[in-house]
Structure formats: structure tokens, C-alpha cells
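# Structural features, examined
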Amino acid sequence: MTDWELPEIDQEKCTACGVCVDACPQHALELRESRLVIANPQDCTYCATCEDVCPHGAVTCSYEIGWACD
Amino acid sequence: MNYDLRSIQLLAGLSVETLDTLSTCLQYKTYKKNGAILWEKDPCRWVYFILSGKVDIYLLAPNGREQLLERLGAGEGFNLVPAFKHGANNQANARAASDVELLRINKDDFSDSLECLPEFGKAAADYLAQRLARMVNLVENLSLLSVRQRLAAFLIKQADHHAGRWTQDEMARRLGSVRDVIGRALRKMEDESLIRFERQRILLLDRERLQKIADGEQ
């Protein structure tokens with residue numbers, strides 16, 4: 001399993017509306033030149049708030065499913 | 001392009017002679033993640049086999065909601081069924097769930113090969129029987145089980161098979177629900193100490209209790 005994943009941004013779906021930027025509790029996201037970037041990846045806690053609030057399905061958080069004892 | 005035909009489940013047990021004959025009909029294709037491979041109701045033109053990556057097979061409701069039928073991985077085939085029947089259309093949509101490498105065979109070559117290569121025909125029948133059993137299981141789950149039961153069964157299966165990564169939206173499409181419902185069900189399971197979210201992992205904590213939920217005993 002990988003150790004540090006970040007939310008995936010589909011730039012074709014993203015309209016740079018900024019809703020996720022405002023919603024991110026860790027302020028990890030920014031709009032730069034009308035493009036969404038994870039500007040502070042070290043602050044991202046993968047809470048998936050960005051995915052929850054995105055009206056266009058442009059941000060996704062995927063999960064590996066495993067047993068805790070693995 | 002180097003690939004091993006025996007990595008394809010349907011082809012794995014075939015003789016060298018049969019594989020040599022089939023190889024002349026196979027084309028190599030690649031698709032980027034989220035690329036559309038085929039559309040439901042279009043005339044069937046190709047049968048596909050996955051060399052690497054994952055492919056989502058899904059249906060679309062008139063209101064746009066998706067029902068994910070299967071997420072197929074390396075070695076599996078799709079769009080076989082309409083190739084058995086002359087003039088049939090594709091039965092479902094297929095989309096690359098990751099970057100994929102495929103082999104494809106024209107449906108007429110596939111159909112001719114079924115007749116001319118008996119062991120290929122037998123292998124195709126065996127493979128379709130396995131897939132039909134999976135479809136029956138899916139229908140049973142969708143029609144008879146609650147979302148919570150389906151989710152518990154899904155989580156157990158994915159954990160047992162280390163079957164790749166899923167977004168909550170993809171889980172919802174697989175389980176015949178919507179993202180919000182799946183999200184709430186997962187949070188409830190977390191509150192019940194059945195699972196734990198650990199960054200990009202969902203860790204299952206209690207197989208016995210999850211299995212009881214999947215079996216409808218809790």
C-alpha cells in the first residue's frame with residue numbers, strides 16, 4: 001500500500017469555482033492561474049471535504065480497502 | 001509489442017496451435033484512464049481482453065445514474081455475449097478505470113473461431129458460465145440485500161482480494177446506491193468500530209461482525 005496519497009483533480013471537469021478551496025479545513029488547496037492545485041500537500045489530511053463539496057465531481061479521493069491486521 | 005496470451009483467462013489453457021491461430025486476429029489497443037471503450041446499444045464490433053489495468057462495465061439509467069456491473073482486471077474479457085449473436089448490439093458500456101492495455105478481436109473472427117477451434121469454444125463457454133454466476137450474485141445482492149448488507153459484503157470481498165482503489169462514488173455505483181448514502185453508511189460503520197479510515201485506506205476491524213451484517217444477521 002502507498003503511504004501518502006493526495007486527492008485526484010480532474011482538470012477537465014474543474015471549473016475553478018473555488019468551493020473546495022474555501023471548504024478545505026487545512027487550506028491545502030489553491031487556485032493558481034485558474035487551475036486548482038494542492039498547494040500544501042503536507043497539510044492535506046485526506047478528509048475528503050473537497051470531494052464532498054465539489055459540484056462537478058472534479059476532485060476524488062480513492063481508498064484501498066484492507067484488513068487492519070494486514 | 002510483447003504480451004503473453006496465456007495471461008488472458010479464456011486463453012490460458014489453449015494449445016499452442018490454437019493460440020497461434022487466434023493471435024493473427026488479435027489487435028493491441030491502449031486507453032487512457034476514463035477513456036470510453038464501447039457504448040451500450042452500439043453495434044457489436046469487437047470482443048476485448050484486458051492485458052493490464054482495469055475496465056468498468058456499467059449501465060446508464062435514463063436519469064443518468066450509473067450502475068456499475070463489474071470492474072474487470074488483467075486477464076478478463078468483455079463484450080463476449082453480443083458476439084455470439086449475429087447483428088447484436090453491445091449490452092453495456094465500458095470505460096477505462098485506469099490506463100489499460102487491451103487485446104481485441106473482431107466479432108466475426110471471434111464467432112468464426114468459436115466454430116473452427118473447438119477448444120476455444122469450450123473455453124469461451126466455461127468463461128461465460130463463470131461470469132454469469134457473478135452476474136446472478138450481483139442481481140441477488142441488489143434485489144434482496146440492504147445497502148448496509150451490500151456494503152459489508154463488498155468491503156469484505158475487496159479486502160480479501162486486494163482488488164484496487166475505490167472512491168465513494170464508485171462504491172455507490174457498484175452497490176446500486178448514491179455517494180451520500182454510502183458515505184453515511186461508512187461513517188456509521190466507523191462509529192461502530194467495524195472499520196477505520198486511515199488516510200487513503202479503509203481498514204476493516206471486525207470480520208465476524210461485518211460478515212454477520214453481510215449475511216443479514218445483524
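Residues numbered from 1 in each chain as written. Chains lettered and ligands numbered in written order. Predicted model: local features only at pLDDT ≥ 70, side-chain atom pairs only at ≥ 80, totals over all residues.

## Structural notes on the overall build of chain A
Cut-off, in case you're wondering: Helix numbering and strand numbering both begin at the N terminus, where a helix is a DSSP run of H or I of at least 4 residues and a strand a DSSP run of E of at least 2. Partly exposed residues are those whose C-beta has more than 12 but fewer than 20 other C-beta atoms within 10 Å; 20 or more makes a residue buried and 12 or fewer makes it exposed, with C-beta atoms placed from the backbone. Note that contacts rest on C-beta atoms placed from the backbone: two residues are in contact if these are within 7 Å.
Looking only at helices and strands, one finds two helices and five strands in chain A. The secondary structure elements of chain A, listed N-terminal to C-terminal, are β-α-β-β-α-β-β. On the principal axes, the C-alpha backbone points of chain A span a range of 45 × 20 × 15 Å. Looking at chain A as a whole, 24% of its 70 residues qualify as buried. In chain A, 53% of the contacts between residues at least 6 apart in sequence involve partners at least 24 apart.

## With respect to the overall build of chain B
Applied cut-off: Our radius of gyration looks at C-alpha atoms and nothing else; its globule reference is 2.2 Å times the residue count to the power 0.38.
A tally of regular secondary structure across chain B gives seven helices and eleven strands. Taking 17 Å as the expected radius of gyration for a compact globule of 218 residues, we find that chain B reaches 19 Å, a close match to that expectation. Its C-alpha atoms give chain B principal-axis dimensions of about 55 × 35 × 30 Å. The buried share of chain B, reckoned over its 218 residues, is 34%. Within chain B, residue pairs in contact and separated by at least 24 positions form 68% of the contacts whose partners lie at least 6 positions apart.

## Focus: the interface of chain B and chain A
As a reminder of what qualifies: Each pair of strands is called paired provided DSSP finds at least two bridges between the two strands.
Tallying the contact residues gives 15 residues for chain B and twelve residues for chain A. Per-element accounting of the side of chain B that touches chain A gives the leading share, four residues, to strand β11 (residues 201–204) of chain B. Two strands pair when backbone bridges link them, and strand β5 (residues 62–67) of chain A and strand β9 (residues 165–167) of chain B are joined in this way by three bridges, in the antiparallel orientation. Following the sheet pairing, A:Y63 is matched in β9(B) by B:W166.

## Focus: the sheet that holds strand β8 (residues 100–106) of chain B
Strand pairing in a sheet is mediated by backbone hydrogen bonds. Such pairs are either parallel or antiparallel. All names here are of chain B. Read from one edge of the open sheet, four strands run β1-β8-β3-β6, paired in antiparallel fashion. Looking at which strands have only one partner, the edges of the open sheet turn out to be β1 (26–31) and β6 (77–78). Note: β1 against β8, six bridges, orientation antiparallel. Counterpart to Q27 in the pairing with β8 is R104.

## Regarding the domain arrangement of chain B
Residue and element names in this part refer to chain B. Test applied: What counts as a domain boundary in this text is fixed by an automatic or database domain assignment. Only Asp, Glu, Lys and Arg are considered charged, only Ala, Val, Leu, Ile, Met, Phe, Trp, Tyr, Cys and Pro nonpolar, and every remaining residue, Gly among them, polar.
Here the domain parsing of chain B yields domain 1 (5–142) and domain 2 (146–214). A C-alpha centroid distance of 28 Å is found between domain 1 and domain 2. The interface of domain 1 with domain 2 comprises seven residues on the first partner and seven residues on the second. Mapped onto the side of domain 1 that touches domain 2, the elements with two or more residues apiece are β5 (66–72) and α3 (118–144). Per-element tally for the side of domain 1 that touches domain 2: the top contributor is β5, with three residues. Grouping the constituent residues of the side of domain 1 that touches domain 2 by class yields three nonpolar, two polar and two charged.

## Notes on the confidence of the model for chain A
Under the convention used in this document: Residue-level confidence of the predictor is what pLDDT reports, using numbers from 0 through 100.
Averaged over every residue, the pLDDT of chain A is 90; residues scoring 70 or more account for 94%. By mean pLDDT, helix α2 (residues 49–53) of chain A is the weakest element of chain A at 92, and helix α1 (residues 19–23) of chain A is the strongest at 96.

## Side note on the environment of B:L205
Looking at where B:L205 falls in the secondary structure, it is placed in the loop between β11 and α7 (207–214). What makes B:L205 partly exposed here is the crowd of 16 C-beta atoms within 10 Å. A sequence separation of 17 residues divides B:L205 from B:K188, and the C-alpha atoms of the two residues are 14 Å apart. Not counting the four nearest positions on each side in its chain, B:L205 is found in contact with A:A68, B:S193, B:L194, B:I195 and B:R196.

## Topic: the pairing of β5(A)
Pairing between β5(A) and β11(B): four bridges, direction parallel. Looking across to β11(B), one finds that A:I65 is bridged to B:I202.

## Describing the pairing of strand β10 (residues 195–198) of chain B
On a regular strand, one side chain projects to one face of the sheet and the next to the other, so that they alternate. All names here are of chain B. Pairing analysis gives four bridges linking β10 to β11, with the strands arranged antiparallel. Considered in β11, the bridge of F197 is made with I202. Here β10 hands over to β11 after two residues, with R199 in that stretch at a positive phi of 55 degrees.

## What about helix α5 (residues 168–175) of chain B?
Residues and elements named next belong to chain B. The element α5 is extensively covered by neighbouring structure, given that eight of its eight residues are classed as buried. Tucked into the core, α5 has its buried residues touching β4 (55–60), β5, α4 (147–161), β9 and α6 (179–191). In the stretch just after α5, G176 is the one whose phi turns positive, near 70 degrees.

## As for the packing of α5(B) against α6(B)
All names here are of chain B. Applied cut-off: Axis angles are defined between N-to-C directions and span 0 to 180 degrees, where every axis is a line fitted to C-alpha atoms and, for a helix, only to the segment in contact. Note on angle classes: values under 35 degrees are labelled roughly parallel, values over 145 roughly antiparallel, values of 65 to 115 roughly perpendicular, and the remainder oblique.
One way to put it is that α5 packs onto α6 with a least axis distance of 8 Å and a crossing angle of 105 degrees. Considering their axes alone, α5 and α6 lie roughly perpendicular with respect to each other. Across the interface between the two elements, Q168, D169, M171, A172 and L175 of α5 pack against R179, V181, I182 and G183 of α6. Of the residues belonging to the contact of α5 with α6, the class tally is five nonpolar, two polar and two charged.

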